[in-house]
Amino acid sequence: MKRLLLGVYALVFSVSLWGGDQLASSECGGFFRSDESLDSSQVGELRLNVGGLLFFRDNEFSTSVMDGYTLPGFKLCPTVSYMPSRNVKAELGVSLTRFWGTDRYPNMAYRDIASWTGGERSDGFHVVPFFRVQMATDFGLQVVLGSIYGGANHRLLMPLYEPELNLTADPETGAQVLYSNRWLDADMWVNWESFIYRGDTHQEEFVFGISSRIKYNSERSRLHFYTPVQLLAQHRGGEIDTITSHSVQTLMNGAVGFGARWSINHRRVKSASLELDYLGYYQQAGELWAFDNGNALYLHGNLDVWNTRFKLGYFYGDKFISMFGYPLFGCVSTKNPGMTYDKPSTVYVGFEYAKEFAPGFSLGVNVDIYERSSCYGTTGEGVREKMKGSTSFAAGLCMKINPSFLLYKKK
């Protein structure tokens, strides 16, 4: 089965090299990103927007860090939108998630490597209401309430946010402030993940995040320099739940770095980029994880050729844990509870392909190979042993469908 999948992805890879002229997205997971801008041409229009994502992803892991698994399914988010003015937009709809081969879905915890005790199960589809109101100013500031622009739109580094969560996580809900000018792009948000009533047996939980990029010169320059600054903080607690042990937990991730992008603008080769980031982890309250603090280095580069992005990266961590990042970029195991690793490192190579074949219909392909070096590990029972290096493989095929239909236009 694995050889068959490798053959299929190799075929798609060869087609992608010669199949189009649309560049892959600039950040990791960019295929899943939605447009945050307001289109003034839609003022007075009532529109039906069909947002859909069909996916098949296979993870083949030969490591003690995490188990392999397959994700076949789709997400559908139909909405009705209206713009009363060029600075205001409202959207109302529903988000549906379906995995092929199952009819039962937990109601909560769609992105959390820790165990979760809250929530019943639903049948048929995992259903979440979608409601967003967005207001924009004339000087680059936007305010979003309700279903915010989450996931890939935050432009987080892969060790901080796993792109696969764009397939599985619920729409983020809460409040968001976006700002952009010549020198700065900034995204600040609160995602309220769990609301509680008196006597509930699970915790109140929310995530606060900042994702920004300081730009030292124009993005249109042939050689562009920038600094990413990112922060994530997850708080779990609540004064009216029934939890009495470790009732407050606060976890934090952060990153700061320096990057450069060279716009080659050749007929085939479009651009190349290189970035070095320093990552941090801090457990401010609680004992959810084995370490109270840690850090890591993350070096990664991209080469854009037509619609294809070739990727190369290196990660080195020391007691580093990521709340929402790929477990392979970390020092704890999600496969063996309590197991930790002493200064692991991971090298990966891969490619992304993205092309719009018709208005509102796009195809995306992603293939990554991870080589995790040997290191010492400590089991949950305190036994220290040498862990062998391992090679892991992940590949996915996605189709994004997002056509928009005019229902009514105010005269």
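These figures come from a predicted structure and were not determined experimentally. (Residues numbered from 1 in each chain as written. Predicted model: local features only at pLDDT ≥ 70, side-chain atom pairs only at ≥ 80, totals over all residues. Heavy atoms only, no water.)

Student: Explain the overall build of the protein chain to me, please; I cannot follow it from the model alone.
Tutor: Each helix and strand counted, the protein chain has 2 helices and 22 strands in total. For the protein chain, the residues scored as buried account for 48% of the 411 residues in total. Expressed as a percentage of contacts within the protein chain between residues at least 6 apart in sequence, the contacts between residues at least 24 apart total 65%. For the protein chain, the accessible surface area stands at approximately 19900 Å², while carbon and sulfur atoms represent 61% of it. (Helix = DSSP H or I, 4+ residues; strand = E, 2+ residues; numbered from the N terminus. Buried < 20%, exposed > 50% of the residue type's maximum accessible area, 1.4 Å probe, protein only. Contact = heavy atoms within 4.5 Å. Areas by Shrake-Rupley, 256 points an atom, 1.4 Å probe, with all protein chains shown as cover.)

Student: In this structure, what is going on with the pairing of strand β14 (residues 293-305)? I would like to understand it.
Tutor: Residues in a regular strand project their side chains so that they alternate between the two faces of the sheet. In this structure, strand β13 (residues 269-285) lies alongside β14, joined through 13 bridges in antiparallel fashion. Bridge pairing in β14 places Leu274 opposite Gly301. With 11 bridges joining them, β14 and strand β15 (residues 308-318) adopt antiparallel strand pairing. Bridge pairing in β15 links Asn302 to Lys311. (Pairing = 2+ DSSP bridges.)

Student: Whenever I open this one, the nonpolar core confuses me. Can you help?
Tutor: Judged by nonpolar contacts, the single largest core of 42 residues is most densely connected at Leu232, Leu279, Phe320, Tyr326 and Tyr370. Elements with a minimum of two residues in this core: β12 (249-263), β13 and β14. Residues Leu71, Tyr105, Ala354 and Cys398 belong to the second largest nonpolar core, which totals 9 residues. (Core = buried A, V, L, I, M, F, W, Y, C linked by side-chain atoms within 4.5 Å.)

Student: I'm lost on the sheet that holds strand β20 (residues 384-387) in this one. Help?
Tutor: The strands making up a sheet are joined through hydrogen bonds of the backbone, oriented either antiparallel or parallel. The strand order β16-β19-β20 describes an open sheet built from 3 strands, whose pairing is antiparallel. One side of each edge strand has no neighbouring strand; the edge strands of this open sheet are β16 (340-342) and β20. Between one strand axis and the next, the sheet turns through 35 degrees on average, direction left out of account. Note that β16 and strand β19 (residues 375-378) share 3 bridges and pair antiparallel. Paired with Tyr341 across the two strands is Gly377, which belongs to β19. (Axes fitted to C-alpha atoms, helices over the stretch in contact; angles between N-to-C directions.)

Student: Hey, could you run me through the packing of aromatic side chains in this one?
Tutor: For any pair of aromatic rings, the description consists of the separation of the ring centres together with the inter-plane angle of the planes. Overall, the coordinates contain 18 aromatic pairs when judged by the stated rule. On the numbers, 6.1 Å between centres and 70 degrees between planes, the contact of Phe61 with Tyr326 is edge-to-face. Of this pair, Phe61 sits in the loop between β1 (45-60) and β2 (69-85) while Tyr326 sits in the loop between β15 and β16, and the two are 265 residues apart along the sequence. Just as Phe61 is buried, Tyr326 falls in that class too. Members of the aromatic cluster, joined through ring pairs, are Phe61, Tyr69, Tyr298, Phe315, Phe320, Tyr326, Phe329, Tyr348 and Tyr370. The cationic tip of Arg132 hangs over the ring face of Tyr149; the distance from NZ or CZ to the ring centre is 3.8 Å. (Phe/Tyr/Trp six-rings, centres within 6.5 Å; stacked < 30°, edge-to-face > 60°. Lys NZ or Arg CZ within 6 Å of the ring centre and 35° of its normal.)

Student: How should the state of the cysteines be read in this particular structure?
Tutor: Any covalent bond linking the sulfur atoms of two cysteines counts as a disulfide. Inspection of every chain in the model, using the stated rule, returns 0 disulfides. The closest cysteine sulfur to the non-disulfide-bonded Cys375 is located on Cys331, 8.1 Å from its own sulfur. (Disulfide = S-S within 2.5 Å.)

Student: Teacher, can you tell me more about the environment of Tyr408 here?
Tutor: By secondary structure assignment, the location of Tyr408 is in strand β22 (residues 404-409). Each C-alpha atom of the pair Tyr408 and Glu45 lies 5.7 Å from the other, and the pair is 363 residues apart in sequence. Contacts of Tyr408, omitting those with residues within four sequence positions, involve Gly44, Glu45 and Leu46.

Student: I'm lost on the confidence of the model for the protein chain in this one. Help?
Tutor: Interpreting fine coordinate detail is not advised for predicted regions of low pLDDT. Put simply, the protein chain has an average pLDDT of 86, and 86% of its residues get 70 or more. Per-residue pLDDT stays below 50 along residues 1-28; that stretch engages in 57 contacts with residues further than four places along the chain or on separate chains. Here residues 112-118 is modelled with pLDDT under 50, and outside its nearest four sequence neighbours on either side it reaches 17 contacts, counting other chains as well. (pLDDT = per-residue confidence, 0-100.)

Student: Honestly, the pattern of salt bridges in this entry has me stumped. Any pointers?
Tutor: Following the criterion strictly, the structure yields 15 salt bridges and no others. Here Glu205 ties to Arg236 by a salt bridge, and the two come within 3.9 Å at their closest N and O atoms. Of the two residues, Glu205 is situated in strand β10 (residues 204-215) and Arg236 in strand β11 (residues 223-237); the sequence distance between them amounts to 31 residues. Across this residue pair, the class does not change: Glu205 and Arg236 are buried. (Salt bridge = Lys/Arg side-chain N within 4 Å of Asp/Glu carboxyl O.)

Student: Where do I start with the side chain of Gln142 in this structure?
Tutor: Position of Gln142 among the secondary structure elements: in strand β7 (residues 141-147). The exposure class assigned to Gln142 is buried, which follows from its relative accessible area of 14%. Among the polar contacts made by the side chain of Gln142, one reaches the side chain of Gln134 at a distance of 2.4 Å. (Polar contact = N/O pair within 3.5 Å; in protein donor to acceptor, adjacent residues only side chain to side chain.)

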